[in-house]
Amino acid sequence: MPAVSVLAQGAPASTGAPAAPASPESTMPQVTAPIAMMVDVNSGRVLFARDPHRRFVPASLTKIMTSYVAFELIKAGKLRLDQKFVMRPETFHKWHGVGSTMFLGNNSSTSVADLLEGIVTVSANDACVVLAEGIAGSVPGFTAMMNAEAKKIGMRDSHYNTPNGWMDQGETYVSAADLVALSTALITRHPDLYKRFYGHDHATFNGIAQENHNPLYGHTPGADGVKTGFTGEAGYGFVGSVERGGRRVIMVVAGYGRPNDRADQSRTFVEWAFSAWDSRPILTAGAKVGQAVVQGGSTRQVGLVTPRAYALAVPHGEAPRYTLSIRYKAPLTAPIVKGQEVASLIVRAPGQPIERLPLVTADGVAAGGAMDRLRDGFLAMTGRGLHP
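Residues numbered from 1 in each chain as written. Predicted model: local features only at pLDDT ≥ 70, side-chain atom pairs only at ≥ 80, totals over all residues. Heavy atoms only, no water.

Re the pairing of strand β12 (residues 288-295)
Here comes step 1: Sheet topology note: the β12/strand β13 (residues 301-305) ladder contains five bridges and is antiparallel. Residue pairing for β13: glutamine 291 is matched across the bridge by glycine 303.
Here comes step 2: Hairpin connection between β12 and β13: a loop of five residues separates the two successive antiparallel strands, and glycine 296 in this loop has a positive phi of roughly 75°.
Here comes step 3: Note that β12 and strand β16 (residues 332-333) share two bridges and pair parallel. Paired with glutamine 295 across the two strands is threonine 333, which belongs to β16. (Pairing = 2+ DSSP bridges. Helix = DSSP H or I, 4+ residues; strand = E, 2+ residues; numbered from the N terminus.)

Observations concerning the pattern of salt bridges
Here comes step 1: With the rule as written, the count across this model stands at 13 salt bridges.
Here comes step 2: Between aspartate 51 and arginine 54 there is a salt bridge; the shortest N-O distance is 3.7 Å.
Here comes step 3: The shortest N-O distance in the salt bridge between arginine 88 and glutamate 90 comes to 3.1 Å.
Here comes step 4: Assessed through its relative accessible area of 37%, arginine 88 is described here as partly exposed.
Here comes step 5: According to the relative accessible area criterion, glutamate 90 is exposed, its value standing at 51%. (Salt bridge = Lys/Arg side-chain N within 4 Å of Asp/Glu carboxyl O. Buried < 20%, exposed > 50% of the residue type's maximum accessible area, 1.4 Å probe, protein only.)

Observations regarding the sheet that holds strand β2 (residues 35-40)
Here comes step 1: The five strands are arranged β3-β2-β10-β9-β8 in an open sheet whose pairing can be described as antiparallel. At either end of the open sheet lies a strand with only one pairing partner, and these are β3 (45-50) and β8 (223-231). Between one strand axis and the next, the sheet turns by 5° as a mean value, whatever way the strands run.
Here comes step 2: The pairing of β8 with strand β9 (residues 235-244) spans eight bridges and is classified as antiparallel. Bridging from a neighbouring strand, alanine 223 pairs with valine 242 of β9.
Here comes step 3: Running at roughly 150° to strand β10 (residues 247-256), helix α9 (residues 259-275) makes contact with β2, β3, β8, β9 and β10 of the sheet. (Axes fitted to C-alpha atoms, helices over the stretch in contact; angles between N-to-C directions. Contact = heavy atoms within 4.5 Å.)

Let's talk about the packing of aromatic side chains
Here comes step 1: Following the criterion strictly, the structure yields eight aromatic pairs and no others.
Here comes step 2: Relative to phenylalanine 269, the ring of phenylalanine 48 has its centre 5.7 Å away and its plane inclined at 90°; by these criteria the two rings are edge-to-face. You can see phenylalanine 48 sitting in strand β3 and its partner phenylalanine 269 sitting in helix α9, a full 221 residues away along the chain.
Here comes step 3: The class for phenylalanine 48 is buried, based on a relative accessible area of 19%.
Here comes step 4: When the centroid spacing of 6.5 Å and the interplanar angle of 85° are considered together, the rings of phenylalanine 71 and tyrosine 198 count as edge-to-face. Pair noted here: phenylalanine 71 is in helix α2 (residues 63-75) and tyrosine 198 is in the loop between α8 (191-197) and β6 (202-205), with a separation of 127 residues, a long-range link. Like tyrosine 198, phenylalanine 71 is buried.
Here comes step 5: An aromatic cluster of at least three residues, connected via ring pairs, comprises Phe48, Phe269, Trp272 and Trp277. (Phe/Tyr/Trp six-rings, centres within 6.5 Å; stacked < 30°, edge-to-face > 60°.)

Describing helix α6 (residues 139-153)
Here comes step 1: If you check α6, its first and last C-alpha atoms are 21 Å apart, about what 15 residues at 1.5 Å a residue would give, namely 21 Å.
Here comes step 2: All of the buried residues along α6 are Phe142, Thr143, Met146, Glu149 and Ala150. Each buried residue of α6 lies within a common arc of 115° when the element is viewed along its axis, so the set occupies one face. Residues of α6 that are exposed and angled more than 90 degrees away from the buried face: Pro140, Lys151 and Lys152.
Here comes step 3: Where α6 is buried, its residues contact α2 and α5 (125-136).
Here comes step 4: The N-capping residue of α6, defined by a side-chain oxygen 3.0 Å from the backbone nitrogen of glycine 141, is serine 138.
Here comes step 5: In the segment just after α6, glycine 154 is the residue with positive phi, at about 95°. (Expected span 1.5 Å × (residues − 1). Arc of directions from axis to C-beta. Polar contact = N/O pair within 3.5 Å; in protein donor to acceptor, adjacent residues only side chain to side chain.)

Digging into the confidence of the model for the chain
Here comes step 1: In this model, the chain carries an average pLDDT of 90, and 89% of its residues clear a pLDDT of 70 or more.
Here comes step 2: Taken together, the stretch residues 11-20 has pLDDT below 50 and engages in six contacts with residues farther than four places along the chain or on a different chain. (pLDDT = per-residue confidence, 0-100.)

So, the layout of surface pockets
Here comes step 1: By volume, the largest pocket is sized at about 1700 Å³.
Here comes step 2: Looking at the largest pocket, it is lined by 42 residues, and the ones nearest its centre are Ile153, Ala181, Glu341, Arg356 and Pro358.
Here comes step 3: When residues of the lining of the largest pocket are traced back to their parent elements, those giving at least two are β2, α2, α6, α7 (176-189), β17 (341-348) and β18 (355-361).
Here comes step 4: Tallied by class, the residues present in the lining of the largest pocket amount to 21 nonpolar, eight polar and 13 charged.
Here comes step 5: Taken as a whole, the second largest pocket spans an internal volume of roughly 380 Å³.
Here comes step 6: In terms of lining residues, the second largest pocket is bounded by 26 residues, among which Ser100, His213, Thr228, Gly229 and Phe230 are the most central.
Here comes step 7: At the level of secondary structure, the elements contributing two or more residues to the lining of the second largest pocket comprise α4 (112-122), β8 and α9.
Here comes step 8: Considering every element that reaches the lining of the second largest pocket, the biggest residue donor is β8, with five residues.
Here comes step 9: Class assignment of the residues belonging to the lining of the second largest pocket gives a composition of nine nonpolar, 13 polar and four charged. (1 Å grid on protein atoms, 1.4 Å probe; cavity = no way out; pocket = protein on both sides within 12 Å on 5 of 7 lines; lining within 4 Å. Points joined across faces, edges and corners; volume = space filled by probe spheres on them. Nonpolar A, V, L, I, M, F, W, Y, C, P; charged D, E, K, R; others polar.)

Observations regarding empty space enclosed by the protein
Here comes step 1: On inspection of all chains with the given rule, the structure shows one cavity of 30 Å³ or more.
Here comes step 2: Approximately 40 Å³ is the volume attributed to the largest cavity.
Here comes step 3: In this structure, the largest cavity is lined by Phe56, Val57, Pro58, Ala59, Leu61, Gly229, Ala234, Gly235, Tyr236, Gly237, Ala254 and Gly255.
Here comes step 4: Sorting elements by how many residues they give to the lining of the largest cavity places β9 first, with three residues.
Here comes step 5: Across the lining of the largest cavity, the residue classes tally to eight nonpolar, four polar and no charged.

Structure (structure tokens):
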């Protein structure tokens, strides 16, 4: 995956005397969860990590992937929000009143929109199974789709055996790093669906009002997700997301023994991310940053753009210094669709791990004809096949 030329380097000038840099470590609040992670989404920088690749039982955090699969199908036109799925008698007998529920009746017919609301807001186990069976015909068929999406996202330490996270002798497991990747994909790939179904503090079904257990709602400005989880096997876990002024952070905490610890520490943890770290813009959403070589297409190159705004996360008061470059596996092969992720923006900053942020195509490239293939062959023979 060759690197294309360095795009930019910067240390933006300060207006006036800069504030004394704060030490994020010195201001870090107490987080006793055995597994914890905080990521600044706009920069991709990991602000804190404790055992981020350790596999653990997710309980209802599983339902993030359940909604993600549905969102992907909706985006692809393979699932409609007004479609209705039936609670089969067998499913009703197994899941009626089991754990969190939206109280779906036997042989009841419920829209995909209502099922998603129940899954996301009140963590409805029955809704997960009805949705899974309605989409794939069976729970195993749906979990196969869950695992396929996990592979696409790059979730290396996760496996799904249920759509709702009910106890299954540890066959369903995730990691904090994987949950961050999943939640980032959920929010950035499906912003409209995320906004429609996430961020609700309560929901009412069949005349029964239920609250969302998200510990940030009502306490933390900008909180809009993502999911809590609890079983006796898993303990208390939480994936949280907060967006302020265009900047978003995602956190994962897992393995708490008490819900109060999860609530209190989650709130101070996320405030630390905003107070101890500054976000310095690098590129706006849709910015063209370069181009990539295309083989077998109607054109030899395609523009590369940012799918969202990117920034650099630095300790509070610190001036950012960075270089940007592009990497992709050259040449790309046509056909290519507009918005396809094909390259990475490499961000290098002193004292920080290298960050890799996605770049997508600015346009589609159709498969070329005979003359285009002759052109590519000639350029390859002359050693110019990998250059625009």
